Amino acid sequence: MASSVCAQEQSEYYRTETYELPKGVNFEASGIAVMPDGRMAVGLRKGEVWIAQNPSDVRKPEFKLFASGLHEILGLAWHDGALYATQRAEVTKLRDVDGDGKADEYLTASTGWGVSGAYHEYAYGPVFDQEGNLYTSLNSSMGKAWKGAGGEEKNPLWRGWVVRMTPEGKLEPWCAGFRSPCGIGQNAEGDIFITDQQGTWMPTTPLMHARKGAYFSHAESIHDAMRPESPVKIAAKQPDGITVAEAMKTVQGYTPPAVWLPYVKMGQSGTGIACDLSGGKFGPFEKQMFLGEFVLSGVNRVFLEKVGGEYQGACFPFVDGLQCAALGLNFLHDGSLVVGQSNRGWNSKGNRPFGLQRVVWTKKIPMEVQKMELTKGGFRFTFTLPVDKASVGVLTGQSYTYPFHSKYGGDELDASPLTISSAKLSDDGLVLEVACGELRTGYVHEFELPELKAKDGTPLWHRMAYYTVNRLTGE
């Protein structure tokens, strides 16, 4: 396979700036919210919220402590005049009522899920929809529970679910089947998406479209799906040891991810989600989604389209080489992408235990696949710059699926080379139509592009592309 990123090329297109942080603070930046006036709020895993008065200047961001005393913040949002921090047992609304720059009002905005005391019972979010409903994603319960938790010790409620709190204060189960849904965010249309992490029932990182009643495979959430108020309709027991492609046909209620991110090739542990709504300030990828990567300390890119009314699409490498694991992501008003970081004691590339960095477009357009779309006979690659026809060589690729099983992780299964019959470049050089046989639903279709060059000689930045086919056009 081709190497993922050339550091010199990366810096030509996107430079990484490192923030000066408050001295003596373990700045494990686990959530980022951008306020209407341009200030940036940062939630720290250990329970504090800091606000940067000038976030576009990494040398003098002027951080001030806003709130403290919360329990493991793993997400932060601004909504309707207040900050909302997700901690273990609740989402907390934070307001500065007297205007002194510090929160003096801490109100419960959402709660009601089970907490048994097991170490892995994280909660992430929040995300708000246009009607003001608040969504939180909840880890499956892993580890030893506290005996004093009563009934929650054995069956903590709604673990491995996304729950919704209505503006009227009613908690509703929304969708299920998650293991460790660390990333929760929205696309340009306001639909909610989740990243999860490899482990039991999760062969590799998925990006999932979260909607009411959907079920995404992790069996721990089945117990609560049997409750009368559950919108998820599935069997009490599911098969163990088939493939994802088979599960799509045979497992009641199973919803496949919109995109699979192949293990190691595209990272090992997906995290935060941010959608580029900058209007072109971040380069040629407007309205696409950017996903944090924990272990390999980087950010990946996803293009989505609807086929047969459902989301699916392609993932591409973007930037790597951050100082440690990416965790929380958000865009500033100037179009730069801020990445909060913490290795939380787990392994990640880089030499720092925590930090905060800003990814800035240099205004130079990279030669890159701008989008990859499914066609009836193959795929359509659209590029950011016109391709030099002489550089169009041989494309190679393969398709494969993943196991649907309770074991930890999973290898690529049933791999088969793609039979590529033609690759036709448009007259303007921007579109490459690739015809290939045997497109398979429930499979990732992986391409290694040739060493393409733009007409001005700019080399292709990333040669790998991975499209998840759940439906074929015309179905």
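What comes next is a walk through the structure. Every value quoted in this text rests on a predicted model; they were computed, and no experiment measured them. (Residues numbered from 1 in each chain as written. Predicted model: local features only at pLDDT ≥ 70, side-chain atom pairs only at ≥ 80, totals over all residues. Heavy atoms only, no water.)

## Digging into the overall build of the protein chain
Turning to step 1, where the next piece is worked out: Within the protein chain one finds three helices and 34 strands.
Turning to step 2, where the next piece is worked out: In terms of overall size, the protein chain behaves like a compact globule, its C-alpha atoms giving a radius of gyration of 22 Å where 475 residues would be expected to give roughly 23 Å.
Turning to step 3, where the next piece is worked out: Across its three principal directions, the C-alpha atoms of the protein chain cover 65 × 55 × 40 Å.
Turning to step 4, where the next piece is worked out: By residue count, 59% of the 475 residues in the protein chain fall in the buried class.
Turning to step 5, where the next piece is worked out: The long-range share in the protein chain, meaning contacts at least 24 apart out of those at least 6 apart in sequence, stands at 61%.
Turning to step 6, where the next piece is worked out: As displayed, the protein chain has an accessible area near 18700 Å², and 48% of this comes from carbon and sulfur atoms.
Turning to step 7, where the next piece is worked out: Measuring between centres, the 47 positive side-chain charges of the protein chain sit 2 Å from its 54 negative side-chain charges. (Helix = DSSP H or I, 4+ residues; strand = E, 2+ residues; numbered from the N terminus. Rg over C-alpha atoms; globule rule 2.2 N^0.38 Å. Buried < 20%, exposed > 50% of the residue type's maximum accessible area, 1.4 Å probe, protein only. Contact = heavy atoms within 4.5 Å. Areas by Shrake-Rupley, 256 points an atom, 1.4 Å probe, with all protein chains shown as cover. Lys, Arg positive; Asp, Glu negative; His and termini not counted. Charge placed at Lys NZ, Arg CZ, Asp CG, Glu CD.)

## Considering unusual backbone geometry
Turning to step 1, where the next piece is worked out: In this structure, the amide linkage connecting Gly 125 to the following residue, Pro 126, adopts the cis form with an omega of -5°.
Turning to step 2, where the next piece is worked out: In this structure, Pro 126 sits in strand β10 (residues 123-128).
Turning to step 3, where the next piece is worked out: One non-glycine residue, Glu 72, lies in the positive phi region at around 55°.
Turning to step 4, where the next piece is worked out: Looking at the element boundaries, Glu 72 is found in the loop between β5 (63-67) and β6 (76-79).

## Quick notes on the packing of aromatic side chains
Turning to step 1, where the next piece is worked out: All told, the structure shown has 28 aromatic pairs when counted by the stated rule.
Turning to step 2, where the next piece is worked out: Residues Trp 260 and Tyr 402 carry aromatic rings whose centres are separated by 5.3 Å and whose planes lie at 50° to one another, so their mutual orientation is tilted. One end of the pair, Trp 260, is in strand β18 (residues 259-261); the other, Tyr 402, is in the loop between β28 (396-401) and β29 (403-404), and 142 residues separate them in sequence.
Turning to step 3, where the next piece is worked out: Note on Trp 260: relative accessible area 4%, which makes it buried. (Phe/Tyr/Trp six-rings, centres within 6.5 Å; stacked < 30°, edge-to-face > 60°.)

## So, the side chain of Arg 179
Turning to step 1, where the next piece is worked out: Mapped onto the elements of the fold, Arg 179 is located in the loop between β13 (171-176) and β14 (183-186).
Turning to step 2, where the next piece is worked out: Buried and unpaired, Arg 179 has Asp 196 as its nearest opposite-charge partner, separated by 5.2 Å.
Turning to step 3, where the next piece is worked out: Only 3.2 Å separates the side chain of Arg 179 from the backbone oxygen of Gln 198, close enough to count as a polar contact.
Turning to step 4, where the next piece is worked out: Excluding its chain neighbours within four sequence positions, the residues that come into contact with Arg 179 are Asn 139, Ser 140, Met 142, Asp 196, Gln 197, Gln 198, Gly 199, Thr 200, Met 202, His 218 and Tyr 408. (Salt bridge = Lys/Arg side-chain N within 4 Å of Asp/Glu carboxyl O. Polar contact = N/O pair within 3.5 Å; in protein donor to acceptor, adjacent residues only side chain to side chain.)

## Things to note about the sheet that holds β13
Turning to step 1, where the next piece is worked out: Spatial strand order, β10-β11-β12-β13: four strands in an open sheet with antiparallel pairing. Of all the strands in the sheet, the pair left with one neighbour each is β10 and β13. The average undirected angle you get between the axes of adjacent strands in this sheet is 25°.
Turning to step 2, where the next piece is worked out: For β10 and strand β11 (residues 134-138), the ladder comprises four bridges, and the chain directions are antiparallel. Looking at β11, one finds that Val 127 is bridged to Tyr 135. (Pairing = 2+ DSSP bridges. Axes fitted to C-alpha atoms, helices over the stretch in contact; angles between N-to-C directions.)

## A few points about the sheet that holds strand β20 (residues 289-293)
Turning to step 1, where the next piece is worked out: Ordered in space as β19-β20-β21-β22-β34-β33-β28-β30, the eight strands form an open sheet in which the pairing is antiparallel. Each of the sheet's edge strands pairs with one partner strand only, and the pair in question is β19 (270-275) and β30 (413-417). Direction aside, neighbouring strands of the sheet carry axes that sit 25° apart on average.
Turning to step 2, where the next piece is worked out: Where β28 and strand β33 (residues 443-448) come together, five bridges link them in antiparallel fashion. Residue Gln 398 lies in a different strand from β33, and its bridge partner there is Glu 446.

## Some details on the nonpolar core
Turning to step 1, where the next piece is worked out: Within the largest apolar cluster, 27 residues are counted, with the highest numbers of intra-cluster contacts made by Met 367, Met 372, Phe 379, Phe 381, Phe 383, Phe 447 and Tyr 467.
Turning to step 2, where the next piece is worked out: Residue assignment for this core shows that the elements contributing at least two residues are β21 (298-307), β22 (310-319), β26 (369-374), β27 (378-383), β32 (431-437) and β34 (464-469).
Turning to step 3, where the next piece is worked out: Discounting chain neighbours no more than four positions away, the residues touching Met 372 are Phe 303, Glu 305, Ala 314, Phe 316, Phe 379, Arg 380, Phe 381, His 445, Phe 447, Ala 465 and Tyr 467.
Turning to step 4, where the next piece is worked out: One finds Leu 261, Leu 291, Tyr 311 and Val 444 within the second-largest nonpolar core, a separate group that totals 25 residues. (Core = buried A, V, L, I, M, F, W, Y, C linked by side-chain atoms within 4.5 Å.)

## A few points about the side chain of Gln 341
Turning to step 1, where the next piece is worked out: Along the chain, Gln 341 turns up in strand β24 (residues 337-342).
Turning to step 2, where the next piece is worked out: A polar contact of 3.4 Å, which involves the side chain of Gln 341, links it to the backbone oxygen of Val 339.

## Digging into the pattern of salt bridges
Turning to step 1, where the next piece is worked out: Taken as a whole and assessed by the stated rule, the structure comprises 23 salt bridges.
Turning to step 2, where the next piece is worked out: In this structure, Arg 15 engages Glu 17 in a salt bridge whose closest nitrogen and oxygen atoms are separated by 2.8 Å.
Turning to step 3, where the next piece is worked out: Judged by its relative accessible area of 17%, Glu 17 is buried.
Turning to step 4, where the next piece is worked out: Several salt bridges share partner residues, and in doing so they unite Glu 28, Arg 45, Glu 72, Arg 88 and Arg 344 into one network.

## Observations regarding the environment of Thr 166
Turning to step 1, where the next piece is worked out: Inspection of the secondary structure assignment puts Thr 166 in the loop between β12 (161-165) and β13.
Turning to step 2, where the next piece is worked out: A relative accessible area of 9% places Thr 166 in the buried class.

## Quick word on the state of the cysteines
Simply put, the disulfide is a covalent bond whose two ends are the sulfur atoms of two cysteines.
Turning to step 1, where the next piece is worked out: For the structure on display, the rule yields zero disulfides.
Turning to step 2, where the next piece is worked out: Free cysteine: Cys 175, not disulfide-bonded; nearest cysteine sulfur from Cys 182 at 16 Å.
Turning to step 3, where the next piece is worked out: With no disulfide of its own, Cys 275 has Cys 315 as its nearest cysteine by sulfur position, at a separation of 16 Å.
Turning to step 4, where the next piece is worked out: The exposure class assigned to Cys 275 is buried, which follows from its relative accessible area of 11%. (Disulfide = S-S within 2.5 Å.)

Function-wise, these values are silent; they only describe arrangement.
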